[in-house]
Every structure is written in structure tokens, then in C-alpha cells.
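One-letter residues, chain by chain:
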Amino acid sequence: MDFLKNVGENLPLIIGAIALVAIQYFIKRKRGSEANHPALVQDLLAEVRLNSRIAEVFTFQIQAKRFITTTWKLNKSKLDFLGKALETNMTDAFTIAEDYNQQIAAAKKYKSTSYMASVNMDKLKGLLTACQEGLEQWLLLKVGSKDPPLRTPGVF
């Protein structure tokens with residue numbers, strides 16, 4: 001009987017906690033992917049900037065660095081919010097980067113630089129520059145800044 005008495009006294013608190021959890025769930029669900037667009041663009045921009053640096057120092061040797069395509073591979077079907085021209089540039093740039101990665105892997109595997117003879121770095125540099133400018137413009141329009149926001153340390 002004491003248990004039921006304690007539950008009855010704490011029932012408003014329990015219902016309030018459940019209501020708060022439900023409200024947070026529905027708010028996060030409602031925002032959905034639109035809330036994630038700036039973070040996705042920031043990640044893609046970081047990848048494009050890194051690939052631009054790799055393209056600048058690219059050497060036609062077996063030790064050549066591979067291009068980063070992880071964020072693009074994971075999210076390439078979700079980029080329709082960027083606009084058709086920028087989406088096309090992104091697809092072209094990262095497709096070329098993946099092809100170069102395959103050529104670099106073949107060169108390392110067979111220890112021969114002849115696999116990298118068809119690499120056209122000027123085309124990739126141009127596409128990466130166009131992608132970087134487009135992503136920065138998108139961030140300026142939607143977020144107001146092309147740099148990621150400073151994160152403050154948490155409690156833990």
C-alpha cells in the first residue's frame with residue numbers, strides 16, 4: 001500500500017518527465033534533415049579543402065596521397081538541397097577523386113607509376129575550387145558564416 005501511495009504523490013512529476021521526453025522527440029523529428037544541412041555542408045567543405053591541398057602537392061609517385069571521399073560517399077544521395085549546378089560539380093569532383101584513388105591503389109599494388117599516367121590534376125583542381133566556392137556561398141546565405149561555429153566545452 002505504501003508503494004501505491006508514493007506513486008500517487010509522484011504521479012504529476014512522472015507524467016511531466018514523460019511529456020518533456022515526448023516533446024523533445026517530436027521537435028527533433030520535425031527538424032529532421034534540414035537542421036543537419038549546415039553540418040553536412042561544413043563536413044563536405046572540410047573534405048573539399050583537404051582534397052584541394054592534396055591536389056596542390058600531388059606527385060606522380062607511388063607515395064601519392066589518396067583523396068578523401070568519406071562524407072561524400074555517405075551523403076551523395078542527400079545533396080539535392082545544394083542546387084543542381086553545385087551538386088553536379090560535387091559529383092564530378094568526387095567521382096574523379098575516386099578514380100584517382102583507384103589509380104593510386106593500383107600503382108602502389110604493382111609498384112609502378114604508369115597507372116597514374118592518365119591523372120589530370122588541373123581538371124580536378126578546377127572542380128574542387130568551384131565546389132569550395134559554391135559550398136562557401138551556400139553557407140554564407142544559409143548560416144551567415146563560411147567557417148564552422150566555435151564549440152564551447154561541455155560540462156564533462
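My aim in this report is to walk through the structure given alongside it, one point at a time.

How each quantity is defined
Residues numbered from 1 in each chain as written. Predicted model: local features only at pLDDT ≥ 70, side-chain atom pairs only at ≥ 80, totals over all residues. Heavy atoms only, no water. Helix = DSSP H or I, 4+ residues; strand = E, 2+ residues; numbered from the N terminus. Contact = heavy atoms within 4.5 Å. Patch = residues over 30% accessible without salt bridge, like charges linked within 9 Å, V, L, I, M, F, W, Y side chains within 5 Å. Areas by Shrake-Rupley, 256 points an atom, 1.4 Å probe, with all protein chains shown as cover. Salt bridge = Lys/Arg side-chain N within 4 Å of Asp/Glu carboxyl O. Expected span 1.5 Å × (residues − 1). Buried < 20%, exposed > 50% of the residue type's maximum accessible area, 1.4 Å probe, protein only. Arc of directions from axis to C-beta.

### Focus on the environment of Ser118
Line of reasoning, step 1. With respect to the secondary-structure elements, Ser118 resides in the loop between helix H4 (84–110) and helix H5 (121–142).
Line of reasoning, step 2. Each C-alpha atom of the pair Ser118 and Gln103 lies 8.8 Å from the other, and the pair is 15 residues apart in sequence.

### Focus on the side chain of Thr69
Line of reasoning, step 1. For Thr69, the location among the structural elements is in the loop between helix H2 (37–56) and helix H3 (70–75).
Line of reasoning, step 2. When near neighbours in sequence (up to four residues on either side) are disregarded, Thr69 contacts Glu47, Phe94, Ala97, Glu98 and Asn101.

### Considerations on a nonpolar patch on the surface
Line of reasoning, step 1. Among the surface-exposed residues, Leu11, Ile14, Ile15 and Ile18 lie close enough to one another that they form a single nonpolar patch of about 380 Å² accessible area.
Line of reasoning, step 2. Take Ile15: it is sitting in helix H1 (residues 2–31).

### A word on H5
Line of reasoning, step 1. An ideal rise of 1.5 Å per residue puts 32 Å on 22 residues; H5 measures up with 31 Å between its terminal C-alpha atoms.
Line of reasoning, step 2. Three or more residues of H5 are buried, namely Met121, Leu124, Leu127, Leu128, Cys131, Leu135, Glu136, Trp138 and Leu139. Each buried residue of H5 sits inside an arc of 165° when the element is viewed along its axis, so together they form one side. Residues of H5 that are exposed and point more than 90 degrees away from the buried face comprise Asp122, Lys123 and Leu141.
Line of reasoning, step 3. Immediately downstream of H5, the backbone of Gly144 shows phi near 100°, a positive value.

Keep in mind these values describe shape, not function.
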